[in-house]
Amino acid sequence: MFEELKPHIAELRKRLGISVATVIVMFFVCFNYWEPLLGWMIAPLKATLPSGSDIIFTKVQEPLFTALKVSFFASFIVSLPVIFWQLWLFISPGLYENEKKMILPFVFFATIMFLMGTAFCYYVTIPFGFAFLINFGGKLFTALPSIGEYVGFFTKLLMGFGIAFELPVVTFFLAKLGLITDETLKGYFRYAIIIIFAISALLTPPDVLTQFLMAGPLILLYGVSILVAKSINPIQPEDDSEGDENEDKKEDENEENQAAK
């Protein structure tokens, strides 16, 4: 059994190696621009901070580690097309020839959906969530958020939304393989709602508004996934031969009734 897995393990190592090498190369490129990248990250926080508050660091090494986090996150985002490309090349040996040709649409839409998720998080969820959390105790406390904790929380949110928005792409792939249908997704809709709200509670700040801002789009994307699966695996019409047999049976029954009369 291990001998059979060796080629797959070697292929996985190769694809992971290319992906990691791409991220490392892009890391050194992004590290040269970590300051403007960090400025883009903290812009929503600065917009919600009241007067007298500021962003601080509490540990000597915190600015350096923050720059490393920012550069790594940016390098991962820039490397997404290569990562998705290598993912497709890893699973493509198990696909048919016509399915292997879908690599470009897969890479394109997977990257676009991830970026759409991060954009929705940055421009919608984060401003509303941070405004609520910071202003909640604004009259009693002075907000002095730590830059290291903020960047970690920020990247976690964007990664969560980016991965969540891949749902229609994953559904398309699974439906193409015949593993799921729209009826399957409809049948598990109730459970999907519970899972969506559980994931939203884990990935978002502990307030109901932000959780709904994540759960709402995910429910909508689940509905889109049902339509995607239905377009890939439409309900097949009944066989014409069965229809002919039913018509023959009806004609025989009519003849027997007439003979009985």
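Worth saying up front: this structure is predicted, and the values here are computed from it rather than measured. (Residues numbered from 1 in each chain as written. Predicted model: local features only at pLDDT ≥ 70, side-chain atom pairs only at ≥ 80, totals over all residues. Heavy atoms only, no water.)

Novice: Outline the packing of aromatic side chains, listing residues and values.
Specialist: Tallied over the entire structure, the rule returns 19 aromatic pairs. Judged by centre distance (4.3 Å) and plane angle (10°), the rings of Trp 40 and Tyr 122 are stacked. Here Trp 40, found in helix 2 (residues 34-48), pairs with Tyr 122, found in helix 6 (residues 103-136); they are 82 residues apart in sequence, far enough to count as distant. Feature note: the residues Trp 40, Tyr 122, Tyr 123, Phe 130, Tyr 150, Phe 153 and Phe 154 constitute an aromatic cluster, connected by ring pairs. (Phe/Tyr/Trp six-rings, centres within 6.5 Å; stacked < 30°, edge-to-face > 60°. Helix = DSSP H or I, 4+ residues; strand = E, 2+ residues; numbered from the N terminus.)

Novice: Lay out helix 3 (residues 62-78) in plain terms, naming residues and giving numbers.
Specialist: Over its 17 residues, helix 3 extends 24 Å from the first C-alpha to the last, a length consistent with the 24 Å expected when each residue adds 1.5 Å. Turning to helix 3, its buried residues are Glu 62, Thr 66, Ala 67, Val 70, Ser 71, Phe 73, Ala 74, Ser 75 and Phe 76. (Expected span 1.5 Å × (residues − 1). Buried < 20%, exposed > 50% of the residue type's maximum accessible area, 1.4 Å probe, protein only.)

Novice: Talk me through the nonpolar core; I want residue IDs and the actual numbers.
Specialist: In terms of nonpolar packing, the biggest core is built from 42 residues, with Leu 45, Trp 88, Ile 126, Ile 147, Tyr 150, Val 151 and Phe 154 touching the most fellow members. At the level of secondary structure, the elements contributing two or more residues to this core comprise helix 2, helix 3, helix 4 (80-91), helix 6, helix 7 (147-164), helix 8 (167-176), helix 10 (189-203) and helix 11 (208-232). When neighbours within four sequence positions are excluded, Leu 45 is seen to be in contact with Ile 55, Phe 130, Ile 134, Pro 145 and Tyr 150. Within the second largest apolar cluster, 7 residues are counted, among which are Ile 180, Leu 185, Ala 192 and Ala 229. (Core = buried A, V, L, I, M, F, W, Y, C linked by side-chain atoms within 4.5 Å. Contact = heavy atoms within 4.5 Å.)

Novice: Account for the environment of Leu 177, with residues named and values stated.
Specialist: One can find Leu 177 in the loop between helix 8 and helix 9 (182-187). Once the C-alpha coordinates of Leu 177 and Tyr 96 are considered, the two residues, 81 residues apart in sequence, prove to be 9.6 Å apart. Filtering out sequence-adjacent residues up to four positions away, Leu 177 remains in contact with Leu 95 and Glu 99.

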